[in-house]
Amino acid sequence: MTVLKAVRGTRDLLPPETELWNRVEATTRRVFARYNFGEIRTPIFEDTSLFARGVGEETDIVSKEMYTWEDGERFDRDLLRDKWLRENIARFESWSLDRTAAPKADFEGQQMDGSWEFVIFASQTTSSQLLSLADEVREWNAASGRFRGIGRIVIPTISEAAVVTTPEGILIEKVSGAFHKSSQSLTLRPENTAGVVRAYIEHKLGESGLLQKLFYIGPQFRRERPQKGRYRQFWQIGAEVIGPPSAGSESPLRDAEVLEMLASFLDELNITGWTLVLNSVGSATDRPKYVAALREALAPVKDQMSPDNQRRAETNPLRVLDSKDPADEAIIATLPKIADFLDDESKAHFAAVLAALDACGVQYEINPRLVRGLDYYTRTTFEFTHDGLGAQNALLGGGRYDGLSEMLGGPKAPGIGFAMGLDRLILTLQSAEAEPAPVLADAFIAPLGEALNAPALALARDLRRQGMRIELGDGAFRIRKSFEIGNKLARNIILLGEDEHASGILTVKNFATGEQTKIPRGDLAQALRSSGN
RNA sequence: GCGGCUAUAGUUCAGCGGCAGAACGCCUGACUGUGGCUCAGGAUGUCGUGGGUUCGAUCCCCACUAGCCGCCCCA
């Protein structure tokens, strides 16, 4: 039998490592509480369109890195596939495919010995459902970039064949109409901000007139290639400050307060060597103007750049600024700067953020090239970076998202937030300090003989109820074995033999000092407590 | 999604076209109410999975899977 393993990109966290995780989470709760944040827990999956609208349809996260599935009572993949093939099989015999015409979804078929093979060409946005029927799906690297995938289906010959002519797009309509009416597309959350804002809107939290300050700790999911500190189920700590403008949600003081909180948080975890990097990407109207100017400036020079940057120049010009390619540095230096496109309001906002940070002594660097990948960011964007992380040097990132609530159909609710990769944060802590030692119990109780097992449990219960961490042995163990195990698991061993049971005076030995004493049962807890940590 | 490296005992790893190895850990005993240190003995395993070459493959070849590192992307 195949031994089951944790799926690719996921992992188990075991003691004593989980002690470190608990410590970080406890520090989070302690520090964030001082800033009067409350905890929010949103569902781990949401309607797919939440992320499409919030994070951005064209971002890689949404277009290819989400765990998405159809959830619906009437969805039946096999039935659907069979019906689709029966309805369309005749098309393949005479139809020739014009790939340059960029149909929404097309397919061609070929009769093999006793079977049909169909190839579907489909753009992901319109026909992921169609692709979900295929035996195999792979990316098709079309030069035009029009098609996102090819699906391949092989089935036994079907005798009954209906004739269907070839109006484009009909196919999908039929498929959805017949089988997907009650189904819903769901997605494991790839980040938590969209979910928090959804909850803010749904529960009308803005109606309180107060600023909402919410933090979360939880797993997120992204279907990326695993790497050091990057997992498909990864953990994030994040916080959001959001509210109606009348509550002061647009104030630069909010930005500075969040940044100051993060600086204090990292300090409290004894993480040194971090750098706060800041920029402003401008208002919702500044940003498109700048992107347009970038495109214009890139058009004549992009051919001289690296292939990566040529592609970015087309798909997401802002990312060109993030390029690490030294060969392209000279060109990048000549590109327009975002700072020149900020309106007066945005400039003043950014200046006020900086002034507040200066006032409380939080150090920062301004990086005019810091852009963030998510569509919803406006004005302040930031990262905390750390040298110990190699190429992936960002410890956390975030920014202001003044228009997100409205993008999701909610009221005007400017906000600022961040998300921190817990997996990577733990990595930096682990590289900075010694491996955590296993936690030792206060005492190991060794019943000497199976007749003493029951009294040993009673003793353990007694001590545990007084707050002691107790490991209970077993009377079947020989005494030597009890000592060996006890030495690994606890600071003290309590011997419970016939004598001890009869007299109520227990034999206690401290493993560190080797000192052995007799202690009345009633004094045990106090003695263990004072024997130190 | 792309590229490089890797996969052998619980762990870290060595190894070789012909008997499967070390260290640490584990178990037993020296020591029948005393751990750590020491000594003696013992058990580990589909050599990642599947196929190929070969008289013979853990070793060579291919594919797959997984991990690490980098790229892409990104909180």
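Heads up: the structure comes first, above all this text.
A quick note: this is a predicted structure, and the numbers were derived from the prediction, not measured.

> Teacher, can you tell me more about the packing of aromatic side chains here?
Centre-to-centre distance and the angle between the planes together describe a pair of aromatic rings. Applying the stated rule across the entire model yields 11 aromatic pairs. Taken together, the aromatic side chains of F32, F37, F215, F265 and F418 make up a single cluster linked through ring pairs. Over the face of the ring belonging to Y231 we find R11, whose NZ or CZ atom lies 4.0 Å from the ring centre.

> It is not clear to me how the sheet that holds strand β2 (residues 45-47) should be interpreted in this structure. Could you clarify?
Each strand in a sheet pairs with its neighbour through backbone hydrogen bonds, running either in the same direction (parallel) or in the opposite one (antiparallel). Strand order in the open sheet formed by 3 strands is β2-β8-β3, with antiparallel pairing between adjacent strands. Edge positions in the open sheet fall to β2 and β3 (68-71), since each of these has one partner strand only. The average angle at which neighbouring strand axes cross in this sheet is 35 degrees, direction not considered. Here helix α2 (residues 48-56) sits on the sheet in contact with β2, β3 and β8 (184-188), set at roughly 80 degrees to β2.

> How should the sheet that holds strand β15 (residues 415-421) be read in this particular structure?
Taking strand neighbours across the sheet as the criterion, the 8 strands line up as β1-β9-β10-β15-β14-β13-β11-β12 in an open arrangement whose pairing is mixed. Two strands close off the open sheet at either side, each with one partner strand: β1 (38-39) and β12 (365-366). Sitting on the sheet, helix α16 (residues 422-432) touches β9 (212-221), β10 (233-242), β13 (378-386), β14 (394-400) and β15, and the angle it makes with β15 is about 55 degrees.

> Just checking my understanding: could you explain unusual backbone geometry for this structure?
Residues apart from glycine generally show negative phi values, whereas peptide bonds are mostly found in trans. Of note, the amide linkage connecting P15 to P16 takes the cis form, showing an omega dihedral of 5 degrees. Considering the arrangement of structural elements, one finds P16 in the segment before α1 (17-34). One non-glycine residue, K204, adopts positive backbone phi at about 50 degrees. In this fold, K204 is placed in the loop between α8 (193-202) and β9. Notably, R379 is not glycine yet its phi reads approximately 50 degrees, a positive angle. Residue placement: R379 occurs in strand β13. The class for R379 is buried, based on a relative accessible area of 8%.

> Any chance you could explain the protein's contact with RNA strand B here in plain terms?
Taken together, 44 residues form the shell around RNA strand B, and within it K228, R312, R319, A419 and Q516 come nearest. Protein-adjacent atoms of RNA strand B, using a 4 Å cutoff, are sugar or phosphate at a proportion of 54%. At 2.4 Å, a side-chain N or O of K488 approaches a phosphate oxygen of RNA strand B. F511 places a main-chain nitrogen or oxygen 2.6 Å from a base nitrogen of RNA strand B. Those elements giving two or more residues to the surface near RNA strand B turn out to be α11 (307-315), β14, β15, α18 (479-489), α19 (498-503) and β19 (505-510). Per element, the largest residue contribution to the surface near RNA strand B is 6 residues, and it comes from α18. The residue makeup of the surface near RNA strand B, split by class, is 11 nonpolar, 11 polar and 22 charged.

> Explain the side chain of E65 to me, please; I cannot follow it from the model alone.
For E65, the location among the structural elements is in the loop between α3 (60-64) and β3. For the buried residue E65, which engages in no salt bridge, the nearest side chain bearing the opposite charge is R222, 4.8 Å off. Once you skip the residues sitting within four places of it in the chain, E65 turns out to touch D60, R222, R223 and E224.

> Looking at this model, I keep getting lost on the environment of K337. Mind explaining?
Position of K337 relative to the elements: it lies in the loop between α13 (329-333) and α14 (344-360). Assessed through its relative accessible area of 36%, K337 is described here as partly exposed. Sequence-wise, K337 and T193 are 144 residues apart; in three dimensions their C-alpha atoms are separated by 28 Å. Engagement of the side chain of K337 in a polar contact is seen with the backbone oxygen of A333, the distance being 3.1 Å.

> Would you mind going over the pattern of salt bridges with me for this structure?
Under the criterion given, the structure shown has 17 salt bridges. Between E39 and R29 there is a salt bridge, with its nearest N and O atoms 2.4 Å apart. With E39 in strand β1 and R29 in helix α1, this residue pair connects regions lying 10 residues apart in the sequence. Here E39 falls in the partly exposed class, since its relative accessible area comes to 32%. Using a relative accessible area of 32% as the deciding quantity, one classes R29 as partly exposed. With a closest N to O distance of 2.5 Å, D442 and R491 form a salt bridge.

> I keep staring at the environment of A443 and nothing clicks. Help me out?
Relative to the elements of secondary structure, A443 occurs in strand β16 (residues 443-447). For A443, a relative accessible area of 0% puts it in the buried group. Counting along the chain gives 25 residues from A443 to M468, while the straight-line C-alpha distance between them is 7.9 Å. Other than its neighbours up to four places away in sequence, A443 contacts R469, I470, E471, A490, N492, I494 and L528.

> What is the right way to look at the pairing of strand β18 (residues 492-496) in this model?
A regular strand places its side chains on the two faces of the sheet in alternate fashion. Where burial is concerned, most of β18 is hidden: 5 out of the 5 residues are buried. Where burial is concerned, the two faces of β18 agree: the one with N492, I494 and L496 and the one with I493 and L495 are both buried. Relative to β19, β18 is paired through 4 bridges, and the arrangement is antiparallel. Across the sheet, I493 pairs through a bridge with K509, a residue of β19.

> Can you help me understand the pairing of strand β11 (residues 274-280) in this one?
Buried residues dominate β11, accounting for 6 of its 7 residues. Where β11 meets β13, 7 bridges bridge the pair, whose relative direction is antiparallel. Note on β13: the bridge partner recorded for L278 is F382. Sheet topology note: the β11/β12 ladder contains 2 bridges and is parallel. Counted as the bridge partner of L278 is I366 from β12.

How each quantity is defined
- Residues numbered from 1 in each chain as written.
- Chains lettered and ligands numbered in written order.
- Predicted model: local features only at pLDDT ≥ 70, side-chain atom pairs only at ≥ 80, totals over all residues.
- Heavy atoms only, no water.
- Phe/Tyr/Trp six-rings, centres within 6.5 Å; stacked < 30°, edge-to-face > 60°.
- Lys NZ or Arg CZ within 6 Å of the ring centre and 35° of its normal.
- Pairing = 2+ DSSP bridges.
- Helix = DSSP H or I, 4+ residues; strand = E, 2+ residues; numbered from the N terminus.
- Axes fitted to C-alpha atoms, helices over the stretch in contact; angles between N-to-C directions.
- Contact = heavy atoms within 4.5 Å.
- Buried < 20%, exposed > 50% of the residue type's maximum accessible area, 1.4 Å probe, protein only.
- Near = heavy atom within 4 Å.
- Polar contact = N/O pair within 3.5 Å; in protein donor to acceptor, adjacent residues only side chain to side chain.
- Nonpolar A, V, L, I, M, F, W, Y, C, P; charged D, E, K, R; others polar.
- Lys, Arg positive; Asp, Glu negative; His and termini not counted.
- Salt bridge = Lys/Arg side-chain N within 4 Å of Asp/Glu carboxyl O.

Such coordinate-based values are descriptive only and should not be taken to indicate function.
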